[in-house]
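What follows is each chain in one-letter form.
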Amino acid sequence: MKKKSVSRRDFLSATGVSVAAGLTGAKAAADKPAANPVKKPNLIFFMPDELRAESIACYGNPVVKTPNIDRLAREGSRFSHCYVQNPVCGPSRCSLMTGWPVHVHGHRSLYYFLRPDEPNLFRYLKQNGYDVFWYGKNDLLASQSFTGSVTEWGSFPGRGRPRSGARNPWHMNDPHYYSFLYEEGGDRRDYADFGNVDAAIRILERDHDKPFCIFLPLSSPHPPYTAPQGFHNLYDPAKLPALRPIGLPNKPNFYEAIRKNYHLDPLGEDVFRKIHAVYLGKVSYTDWLLGELLAAIEKTGHVDDTAVFLFSDHGDWAGDYGLVEKWPSALDDVLTHIPLIVRLPGGAQNHVSQEIVELYDVMATSLELAGTEAQHTHFARSLTPQLQGQPGDAGRAAFSEGGYNIYEPQCFEPADLTPPEIYYVKEKLEVDHPETVSRAAMIKTTEHKLVMRPGGQSELYDVAKDPRELHNVYGDRSYASAQERLIERLLQWYVLTADVAPRDKDPRGSPPYYPTAELKEDNWQKKILD
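Caption draft 1: Broad picture of the overall build of the chain. In terms of helices and strands, the chain carries 14 helices and 12 strands. For a compact globule of 530 residues, the expected C-alpha radius of gyration is about 24 Å, and the chain comes in at 25 Å, within 12% of that figure. With the principal axes as the frame, the chain shows a C-alpha extent of 90 × 55 × 55 Å. Summed over all atoms, the accessible surface of the chain reaches about 22700 Å², with 52% contributed by carbon and sulfur. Counting 59 positive and 68 negative side-chain charges, the chain places the averaged centre of each group 4 Å from the other.

Caption draft 2: Region of interest: a nonpolar patch on the surface. A cluster of nonpolar side chains, contributed by L491, V495 and L496, occupies part of the molecular surface with about 280 Å² of accessible area. Structurally, L491 can be placed in helix 13 (residues 480-496). Look at L491 and you get exposed, because its relative accessible area is 56%.

Caption draft 3: Region of interest: helix 2 (residues 67-74). Counting buried positions over the eight residues of helix 2 gives six, a clear majority of the element. Taken as a whole, helix 2 has its buried residues at N68, I69, D70, R71, L72 and A73. Contacts made by the buried residues of helix 2 are with strand 2 (77-83), helix 8 (269-299), strand 6 (306-311), strand 7 (337-343) and strand 8 (351-358).

Caption draft 4: Structural view of the pattern of salt bridges. Inspection of the entire model under this criterion finds 30 salt bridges. Put simply, R273 and E269 hold a salt bridge, and the shortest N to O gap is 3.9 Å. Residue R273 and its partner E269 are both found in helix 8; the two are separated by four residues, about one turn of the helix. Under the relative-accessibility criterion, R273 is labelled buried at 13%. A relative accessible area of 40% places E269 in the partly exposed class. The partner of K449 in a salt bridge is D333, with the nearest N and O atoms 3.0 Å apart. A residue pair is termed long-range when its members are at least 10 positions apart, and K449 in strand 11 (residues 448-452) and D333 in helix 9 (residues 333-336) qualify at 116 residues. Here K449 and D333 have matching classes, each one buried. Among the charged side chains, a network of salt bridges with common partners joins D49, R93, K137, D139 and D313.

Caption draft 5: Fine view of the confidence of the model for the chain. On average, the chain scores 92 in pLDDT, and the residues at 70 or more come to 92%. Below a pLDDT of 50 lies the segment residues 1-30, which in the model reaches 58 contacts outside its immediate sequence neighbourhood of four places, other chains included.

Caption draft 6: The sheet that holds strand 10 (residues 440-444), seen in detail. Overall, antiparallel pairing links the four strands, which are arranged 9-10-11-12 in an open sheet. Across the chains shown, the open sheet's two edge strands, defined by having one partner strand only, are strand 9 (398-402) and strand 12 (459-462). Put simply, the sheet's adjacent strands are angled 10 degrees from each other on average, direction ignored. The pairing of strand 11 with strand 12 spans four bridges and is antiparallel. Bridge assignment links V451 to a residue of strand 12, and that residue is E459. Helix-sheet contacts for helix 13 involve strand 9, strand 10, strand 11 and strand 12, and the interaxial angle to strand 11 is about 60 degrees.

Caption draft 7: Focus on the sheet that holds strand 1 (residues 42-47). Across the sheet, which stays open at both edges, the eight strands sit in the order 4-3-5-1-6-7-2-8 with mixed pairing between neighbours. The two strands at the open ends of the sheet, each matched to only one other strand, are strand 4 (152-154) and strand 8. On average, each strand axis in the sheet is inclined to that of its neighbour by 15 degrees, with strand direction left out of account. Two strands pair when backbone bridges link them, and strand 2 and strand 8 are joined in this way by six bridges, in the parallel orientation. Along strand 8, the bridge assignment pairs F79 with S353. Strands in contact with helix 2 are strand 2, strand 6, strand 7 and strand 8; relative to strand 7, the strand with the most contacts, it is inclined by about 60 degrees.

Caption draft 8: Local environment of the packing of helix 2 against helix 8. As a packed pair, helix 2 and helix 8 sit with axes 7 Å apart at the nearest point and diverge in direction by 50 degrees. Compared by their axis directions, helix 2 and helix 8 come out oblique. Residues P67, N68, I69, R71 and L72 of helix 2 form the contact with helix 8, whose participating residues are D287, W288, L290, G291, L294 and E298. Grouping the amino acids of the contact of helix 2 with helix 8 by side-chain chemistry returns six nonpolar, two polar and three charged.

Caption draft 9: Quick look at the nonpolar core. Core analysis: the biggest nonpolar cluster contains 78 residues, and L293 and W317 have the highest contact counts within it. For this core, the leading source of residues is helix 8, giving 16 residues. The residues contacting L293, other than those within four sequence positions of it, are I44, F46, V197, A200, L204 and L216. Judged by nonpolar contacts, the second largest core, of 48 residues, contains V104, Y130, V132 and F311.

Caption draft 10: Region of interest: the packing of aromatic side chains. Across all of its chains, the model carries 21 aromatic pairs by this definition. Taking 4.4 Å as the distance between ring centres and 5 degrees as the angle between the ring planes, the aromatic pair formed by F399 and W493 counts as stacked. Taken together, the residues F399 in strand 9 and W493 in helix 13 connect sequence positions 94 residues apart. For the cation-ring pair, R78 lies above Y59, with the distance from its terminal atom to the ring centre recorded as 4.6 Å. One Lys or Arg, R188, reaches over the ring of W288 and ends 4.9 Å from the middle of that ring.

Caption draft 11: Expanded view of the state of the cysteines. For the coordinates displayed, the defined rule picks out zero disulfides. Left unpaired, C411 is separated from the closest cysteine sulfur, that of C94, by 12 Å.

Caption draft 12: Structural detail: the packing of helix 6 (residues 192-205) against helix 8. Relative to each other, helix 6 and helix 8 sit at 10 degrees, their axes nearing to 9 Å. Regarding the angle of helix 6 to helix 8, the classification is roughly parallel. Counted together, D193, F194, V197, A200, I201 and L204 of helix 6 and Y285, W288, L289, E292, L293, A296 and I297 of helix 8 form the full contact between these two elements.

About the cut-offs
- All chains use their own residue numbering, which begins from 1 and follows the written sequence.
- With the structure being a predicted model, the display of local features is reserved for residues of pLDDT at least 70 and the display and counting of side-chain atom pairs for 80 or more, all residues being used for whole-chain, interface and lining totals.
- In computing side-chain values, all of the structure's heavy atoms are included and hydrogens and water are not.
- Put simply, DSSP marks the helices as runs of H or I at least four residues long and the strands as runs of E at least two long, and each gets a number from the N terminus on.
- This radius of gyration counts C-alpha atoms alone. The globule rule is 2.2 Å times how many residues there are, raised to the power 0.38.
- Per-residue and other accessible areas were derived by the Shrake-Rupley procedure at a 1.4 Å probe size, with only the shown protein chains allowed to occlude residues.
- Charge counting follows a simple rule: Lys and Arg are positive, Asp and Glu are negative, and His as well as the terminal groups are ignored.
- By convention, the charge on Lys lies at NZ, on Arg at CZ, on Asp at CG and on Glu at CD.
- Without a salt bridge and with relative accessible area above 30%, a residue can belong to a patch; like charges are then joined within 9 Å and nonpolar side chains (Val, Leu, Ile, Met, Phe, Trp, Tyr) within 5 Å.
- The rule for a salt bridge is simple: a side-chain nitrogen of Lys or Arg has to be within 4 Å of a carboxyl oxygen of Asp or Glu.
- Only protein chains enter the accessibility calculation, which uses a 1.4 Å probe. A residue is then buried if its area is under 20% of the maximum for its type, exposed if over 50%, and partly exposed in between.
- When checking whether two residues touch, look at their non-hydrogen atoms; a contact exists if any pair is within 4.5 Å.
- The predictor attaches a confidence to each residue, and that confidence, scored 0 to 100, is pLDDT.
- Strands pair, by our definition, only if DSSP identifies at least two bridges between them.
- Between N-to-C directions, angles span 0 to 180 degrees; the directions come from axes that are lines fitted to C-alpha atoms, helices contributing only their stretch in contact.
- Any angle between 65 and 115 degrees counts as roughly perpendicular, while under 35 counts as roughly parallel, over 145 as roughly antiparallel, and the rest as oblique.
- For this classification, the nonpolar set comprises Ala, Val, Leu, Ile, Met, Phe, Trp, Tyr, Cys and Pro, the charged set comprises Asp, Glu, Lys and Arg, and every other residue, Gly included, is treated as polar.
- Here, nonpolar core refers to any group of buried Ala, Val, Leu, Ile, Met, Phe, Trp, Tyr and Cys residues whose side-chain atoms link them within 4.5 Å.
- The rule is short: rings of Phe, Tyr and Trp, with Trp giving its six-membered ring, pair when the centres are within 6.5 Å, and they are stacked under 30 degrees, edge-to-face over 60, tilted in between.
- By definition, being over a ring means that NZ of Lys or CZ of Arg is both within 6 Å of the ring centre and within 35 degrees of the ring normal.
- Note on terminology: pairs of cysteine sulfur atoms within 2.5 Å are recorded as disulfides.

Right, dumping it as structure tokens:
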């Protein structure tokens, strides 16, 4: 390409009292100050699936190797406390593209995506002159929404075999079978994720007469836990930090239900450490893919006109608590706390924003960078000040929701799989025991985290004393005032975000009534047609 919202301050201040600023040492200072940002830059959204923040080196993981993600953070802004709106792919992505909490339009399941009558970021970009290219999985737009929102889309296999390392090596009677721990894969270029990144590189190599947006919703590090050769056994399970332990008291009922129904109980600590090690290998593979993309951006001369975003739709248990994958009603930090890194031409470098932000802020940020405005009411905030090295809102809280109502069977996964399929036990558990998927809502501040679960076990954690969420103090008298404040603030948030009114208006008067003449003519069909 040739180089060439409405404020919500009052609403945000009304959502509750401010909380203490940042975490210890949270002084946002850029090594290199911002220059003049590029107007209407190209946008690249690199979105791995199920990538948790704490499994990245620049987010504090002492073992994993993520040199390309770390480099992106050094060259841009890293948001240390970013949270998703839902722990499942579809709802989280719908919030990402609309700036809506999932309750606003009922986007709470894997079977209700953004339809043509609903807003989405990509349609706004396309209407504002961007070409939008999409390579990877969906779980976001209804099929009829693609044409109006995306210029070109597809999911491309890698070179050679369409998928590698997808074989479950265990017999169905083996308790490992539903652990999602698979055998080692093949060559790193045999994967669909590589094919999708390769397709994006071909877009970078084209000549463009208008700005473009490339969306890369990849599959890795989503389970099964298998990685390509050179990554599957990259990390020694015995040398990993301790996992979050199994059998903690006062945890939601789905912890035990998952372990029982997935037949995970007989498995030892060594198995879950191996699961975690392979997950980290998948993270490093994802990092390698990012490196390929960044190299192509440099080679094609797009460093100075292209903003690169890295984020995920949610996290993964990856062996913590003796659990695997995720659960619709679970709001643990390993599922809701995700990375968000943005490299903006002319933006601050090596900047760390310690204040809380939310994933759907990507929408508001992208619209501002593109020089356009949303035509719908939303609750996302633009992060462009932070991208210039400024501090964020120290009093902000994050909110997330999960689960389904038992009277809404359309939300549940259909339980139409057979026992050999890896997700059979998950779908069966949801349908047989819907109480394990009950509705839940979370508020997270820099001091405390509350999860209200009216149909199950609620949770409260002291963030400073218990960052790994091992001690549920919900109902503890010593935390009564904190619990009460969080419940009130959560209620205020629901009241203020309950719905959004359409912007177009209907006339209050009645339309004209035109009576229809009554013709007394019988057998007119015979007279006219015969």
